[in-house]
Amino acid sequence: MIWGAWLCLFAPLGGAIAITVAGERISRTAAGWISTLSVFAGFAGALVSFVSTLGRDAADREQLSTAWSWLAAGDFRVGLQILVDPLALTMMLVVTGVGGLIVWYSIGYMHGEDEERRYFATMALFVFSMLMLVQGGNLLLLLVGWGLVGLASYLLIGFYHERPEAVAAAKKAFVMNAVGDAAMALGFFLLIAKVGSLDFGRVFEAAQGGGLSSTTLNLVALGLLAGAVAKSAQIPLHTWLPDAMEGPTPVSALIHAATMVTAGVYLIVRTHPVFEAAPGVQHLAAIIGAVTLLVAGFVALVQWDMKRVIAYSTMSQIGYMFLAAGVGAYGFAMFHLVTHAFFKALMFLAAGIVIHRLDGEQDIRKMGGLRRTMPFTWITFLVGTLALVGIPPLAGFWSKDAILSAALATGGALGWFLFAAGILGAFLTGMYALRLYLMVFEGEPAARDAHAGGHAAHGRGEGPRSMLIPVGALAALSAVGGLINVPGAWRTFEHWIGEVAVQLVEPSVAQDYGTSAVAVLVGVAGALVARRAFTQGRELVTMPGARTVLEHKLYFDELYDAVFARPAQIVADRLREDVETPVVQGSLTEIGAGTRAAAAGVARLQTGLLRTYALTIAASVVVLVVVFLAVR
Amino acid sequence: MLGPGVPWYLAVSGVLFAIGATGVLLRRSPLIVLLSLEIMLNASNLALVGFSRLLGAVDGQVFAIGVMAVAAAEVTVGLGLIVAFARRDMELDVDALTELRG
């Protein structure tokens, strides 16, 4: 039933508009509830759509619905159309389901903030944008959603606009994403020129049918990949993600766990025929993912900010998804996307409870021993951590191992490289995840000076119910969410996605079980290393040189500053001094002065002496008469 | 056709026009300037009517009536201005009235 999908798309937009229009007439809490309910209404729509799709034949699960055609130029037509297929439905359910829980949680978390209404309106707008992205029935609508997501994330990351860091982070995220968006738009222009359409069907047909040159295909795929890399914070366009932690914690959970950063993975899976026609670019995606998951894993080892550790972990996990999509294991990429949305949102929200409790403290050196005072947060965060590390039977175990086995099944040098990177990444994951968990929840409470006393007075409360229920729900999902796809038993999810994007690699049962065992062992080993370091009271990375490099996040910011920002600044200064001031500004002044001088000259003729005018006219008439007579 | 021919009318018209133009150019009183303008307009009217007779068409006569109407309107405005000047005790001299110069 297609109306469910339309409801899913427009309910959050309705919520955003309602909150904006109502303004001060509704209370802040009411704004929170409108936002939450609008997203959950979207979830209901997605569920209706999902259930009705389940009732169809596997071959008949794709529905395209066009509201109207809003852009037509010659043969080129684009309509407001939505596509509902298993892939879109998966994203719709995750975005509205996890998103709804996060917005709900925000009611408690944001309570008492200034400008709560703006917050909730923007959250709903963000969910709408993300839905537009995943439901868009053609590439142009996808790009519209893509851009709107960038805008909404800009607004949310910069929510604390009185803090300069937040504003800078918002701008950084926006600009980095704009780079990707521009590359993507260029790819689309190329498609319009060569195919004459942005419909998924026609584009994929052209890509697969061999009607396009390999250069075109490679360029289009590169454009798409650049967009995906920017949105998903993969190297080299990743530097915005850690900074984006300046936004409120639920925003981090929404944008950086469940929705926006996974859009890149969705894009690759959605446009997989283009990538399959340009295998070089697709492998590049896998390599980018592998490099990102390693770099992010290493950097996460030395971060002190609780949210930044989780942010780097997100980058790393999305690296896994890119790896999977890059080798053509689309089902596994989406599988990890779903489970990651569960456990990463859980970790962010649980971290939010901690941060909320500690009055905004995010430095893990000032935490510790919270296990005793915050049992609920402790157990849920532990579930999230273990799911992240990949301990069976929690969600992350199933999805991450599937990706590793797919890398192994790819074979060849590439496959082995990806597999090795993935395994090393799993080791790093175990290390940084346990380090974070141990420093926050175990050991002795750090001397939190004034804070400690203040919080003792708060009692054992860990937050209002509106915060605890969503966290509990996410913990449950993180625990059992992985069971939707179990190798050797059932592969429901893989087949579900396979209706849209057929997997290119299919690991054998032996590879499945083998990698599972290896990955668990490696993850546990990483965790044990972290535990030993913790009990001995030392850091994980002790080499001073390596430590400095990691603390500077491999100098990416510094590099970009030197390569892009500073030269641009210099060029801009030169242009201003040498071109704008003398040429543009100078010529404008000249034109003004010239006009004024000419006017003064003409004004002198205007004497006000009536008889002079009369004489001039008479004389002119005489001259004209003479001329006419002479000409005749 | 009885009476003088069209060239005579045109000659009178030319003389009248010259007299009017001289008056406009040489006299300084705005009243006389207006009078001279009227003479010029009437010289034109005379030429129009003369040509009208010559060609046996009434167009010229209709134009002449149009010119008279415009002349009347112009004189009304001109006299109004002159009365306004007189009320403000300003010199009635077109050379002195240069307030509107650029």
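Bear in mind the structure is a predicted one, so any value in this text is a computation, not a measurement.

Basis of the calculations
- Residues numbered from 1 in each chain as written.
- Chains lettered and ligands numbered in written order.
- Predicted model: local features only at pLDDT ≥ 70, side-chain atom pairs only at ≥ 80, totals over all residues.
- Heavy atoms only, no water.
- Helix = DSSP H or I, 4+ residues; strand = E, 2+ residues; numbered from the N terminus.
- Buried < 20%, exposed > 50% of the residue type's maximum accessible area, 1.4 Å probe, protein only.
- Contact = heavy atoms within 4.5 Å.
- 1 Å grid on protein atoms, 1.4 Å probe; cavity = no way out; pocket = protein on both sides within 12 Å on 5 of 7 lines; lining within 4 Å.
- Points joined across faces, edges and corners; volume = space filled by probe spheres on them.
- Nonpolar A, V, L, I, M, F, W, Y, C, P; charged D, E, K, R; others polar.
- Phe/Tyr/Trp six-rings, centres within 6.5 Å; stacked < 30°, edge-to-face > 60°.
- Lys NZ or Arg CZ within 6 Å of the ring centre and 35° of its normal.
- UniProt positions renumbered as here; feature names shortened; annotations may be inferred.
- pLDDT = per-residue confidence, 0-100.
- Domains from an automatic or database assignment.
- Expected span 1.5 Å × (residues − 1).
- Patch = residues over 30% accessible without salt bridge, like charges linked within 9 Å, V, L, I, M, F, W, Y side chains within 5 Å.
- Areas by Shrake-Rupley, 256 points an atom, 1.4 Å probe, with all protein chains shown as cover.
- Salt bridge = Lys/Arg side-chain N within 4 Å of Asp/Glu carboxyl O.
- Axes fitted to C-alpha atoms, helices over the stretch in contact; angles between N-to-C directions.
- Parallel < 35°, antiparallel > 145°, perpendicular 65-115°, else oblique.
- Left-handed = near helix turned anticlockwise from the far one by under 90°.
- Buried area = accessible area lost by both parts, 1.4 Å probe.
- Polar contact = N/O pair within 3.5 Å; in protein donor to acceptor, adjacent residues only side chain to side chain.

Asker: Describe the side chain of S129(A), listing the residues and the values that go with them.
Answerer: Residues and elements named next belong to chain A. Relative to the assigned elements, S129 resides in helix 4 (residues 116-135). A relative accessible area of 0% means that S129 is categorised as buried. When residues no more than four places from it in sequence are discounted, the contact partners of S129 are G145, L148, V149 and A152.

Asker: Got a sec to walk through the layout of surface pockets? Specific residues and values, please.
Answerer: The volume enclosed by the largest pocket comes to roughly 840 Å³. The wall of the largest pocket is formed by 29 residues, among which L610(A), Y613(A), V33(B), L37(B) and V94(B) lie closest to the centre. Secondary structure elements with two or more residues in the lining of the largest pocket: helix 26 (610-631) of chain A together with helix 1 (6-26), helix 2 (30-55) and helix 3 (59-87) of chain B. The element best represented in the lining of the largest pocket is helix 26 of chain A, accounting for eight residues. In this model, the second largest pocket occupies a volume close to 500 Å³. Lining the second largest pocket are 19 residues; nearest its centre among them are F50(A), L93(A), V338(A), F342(A) and I484(A). Residue composition of the lining of the second largest pocket, grouped by class: 15 nonpolar, four polar and no charged.

Asker: Outline the packing of aromatic side chains, supporting the account with residue identities and numerical values.
Answerer: Here a ring pair, both rings aromatic, is described through the centre-centre distance and the interplanar angle of the planes. All names here are of chain A. One pass over the full model with this rule turns up 16 aromatic pairs over all chains. Summarising the aromatic geometry, the rings of W6 and F10 are spaced 6.0 Å apart at their centres and angled 0° between planes, so their arrangement reads as stacked. Of this pair, W6 and F10 both sit in helix 1 (residues 2-22), four residues apart, which is roughly one turn of that helix. We classify W6 as buried; its relative accessible area is 16%. Of the aromatic side chains, those joined through ring pairs into one cluster are Y119, F120, F159 and Y160. Between R270 and the ring centre of F200, over which it is positioned, the NZ or CZ distance is 5.3 Å. The cationic tip of R435 hangs over the ring face of W304; the distance from NZ or CZ to the ring centre is 5.0 Å.

Asker: Summarise the UniProt feature "domain: NADH:quinone oxidoreductase/Mrp antiporter transmembrane" (unreviewed entry) in chain A; cite the residues concerned and give the values.
Answerer: UniProt marks residues 137-419 of chain A with the feature "domain: NADH:quinone oxidoreductase/Mrp antiporter transmembrane" (unreviewed entry), using the numbering shown here. Along residues 137-419 of chain A, the helical share is 78% and the strand share 0%, with 35 Å between the first and last C-alpha atoms.

Asker: Outline empty space enclosed by the protein, supporting the account with residue identities and numerical values.
Answerer: Residue and element names in this part refer to chain A. In total, this model carries one cavity of 30 Å³ or more according to the counting rule given. A volume near 50 Å³ is recorded for the largest cavity. As for the largest cavity, its lining consists of H238, T239, P242, D243, Y312, H552, K553, F556 and D557. Listing elements by their share of the lining of the largest cavity, those giving two or more residues are helix 9 (240-243) and helix 25 (556-605). Tallied by class, residues from the lining of the largest cavity come to three nonpolar, three polar and three charged.

Asker: Break down the confidence of the model for chain B for me, citing the residues and quoting the values.
Answerer: Fine structural detail should not be taken from predicted coordinates in areas where pLDDT scores are low. Averaged over every residue, the pLDDT of chain B is 86; residues scoring 70 or more account for 93%. Prediction confidence for the complex, expressed as pTM and ipTM, is 0.76 and 0.76 respectively.

Asker: Any details on the domain arrangement of chain A? Residues and values, ideally.
Answerer: By a widespread convention, an interface's size corresponds to the accessible area lost as its parts come together. For chain A, the assigned domains are domain 1 (353-448 + 461-553) and domain 2 (560-630). Put simply, the middle of domain 1 of chain A and the middle of domain 2 of chain A, counted by C-alpha atoms, are 71 Å apart.

Asker: So what's going on with helix 4 of chain A? Which residues, and what values?
Answerer: Here helix 4 of chain A spans 28 Å end to end across 20 residues, near enough to the 28 Å set by a 1.5 Å rise per residue. A large share of helix 4 of chain A lies buried, amounting to 17 of its 20 residues.

Asker: Outline a nonpolar patch on the surface, listing residues and values.
Answerer: Residues and elements named next belong to chain A. Where nonpolar side chains cluster on the molecular surface, the patch consists of V571, L575, V579, V583, V584, L588 and I591 and spans about 620 Å² of accessible area. Topologically, L575 is positioned in helix 25. Relative accessible area serves as the criterion here: at 48%, L575 is assigned to the partly exposed category.

Asker: Before we move on, could you go through unusual backbone geometry and cite the residues and values that matter?
Answerer: All names here are of chain A. Geometrically, the link from I235 to P236 is a cis peptide bond, its omega value of 5° lying close to zero. Positionally, P236 belongs in the loop between helix 8 (214-231) and helix 9. Here the phi dihedral of A233 falls at roughly 55°; this positive angle occurs in a residue that is not glycine. Position of A233 relative to the elements: it lies in the loop between helix 8 and helix 9. Classification of A233 by relative accessible area gives buried; the value is 0%.

Asker: Could you give an account of the packing of helix 18 (residues 395-410) of chain A against helix 19 (residues 412-441) of chain A, naming the residues involved and the relevant values?
Answerer: Residue and element names in this part refer to chain A. Remark: helix 18 packs on helix 19, axes separated minimally by 6 Å, with the N-to-C direction vectors making an angle of 155°. Taken together, the axes of helix 18 and helix 19 are roughly antiparallel relative to one another. As helix 18 runs across helix 19, the sense of the crossing is left-handed. From helix 18, K400, L404, A407, L408 and T410 reach across to helix 19, where they touch G412, G415, W416, L418, F419, G422, I423, A426 and T429. Of the residues that constitute the contact of helix 18 with helix 19, the class distribution is eight nonpolar, five polar and one charged.

Asker: Residues and numbers for the interface of chain A and chain B, please.
Answerer: Facing the ten residues of chain A at the interface are twelve residues of chain B. Between chain A and chain B the total buried area reaches about 890 Å² when both faces are included, carbon and sulfur atoms providing 60% of it. Inspection of the chain A/chain B interface yields zero salt bridges. There are two residue pairs in polar contact (both at pLDDT 80 or more) connecting chain A and chain B. With five residues, helix 26 of chain A is the largest single contributor of residues to the side of chain A that touches chain B. For the side of chain A that touches chain B, the class distribution of residues is six nonpolar, three polar and one charged.

Asker: Give me the lowdown on the pattern of salt bridges, citing residues and values where you can.
Answerer: Scanning all chains against the criterion turns up 16 salt bridges over all chains. Close ionic contact of R118(A) with E115(A) constitutes a salt bridge, the shortest N to O distance being 2.9 Å. Its salt-bridge partner being D93(B), residue R28(B) comes within 2.6 Å of it at the nearest N-O pair. One end of the pair, R28(B), is in the loop between helix 1 and helix 2; the other, D93(B), is in the segment after helix 3, with 65 residues separating them in the sequence. Judged by its relative accessible area of 8%, D93(B) is buried.

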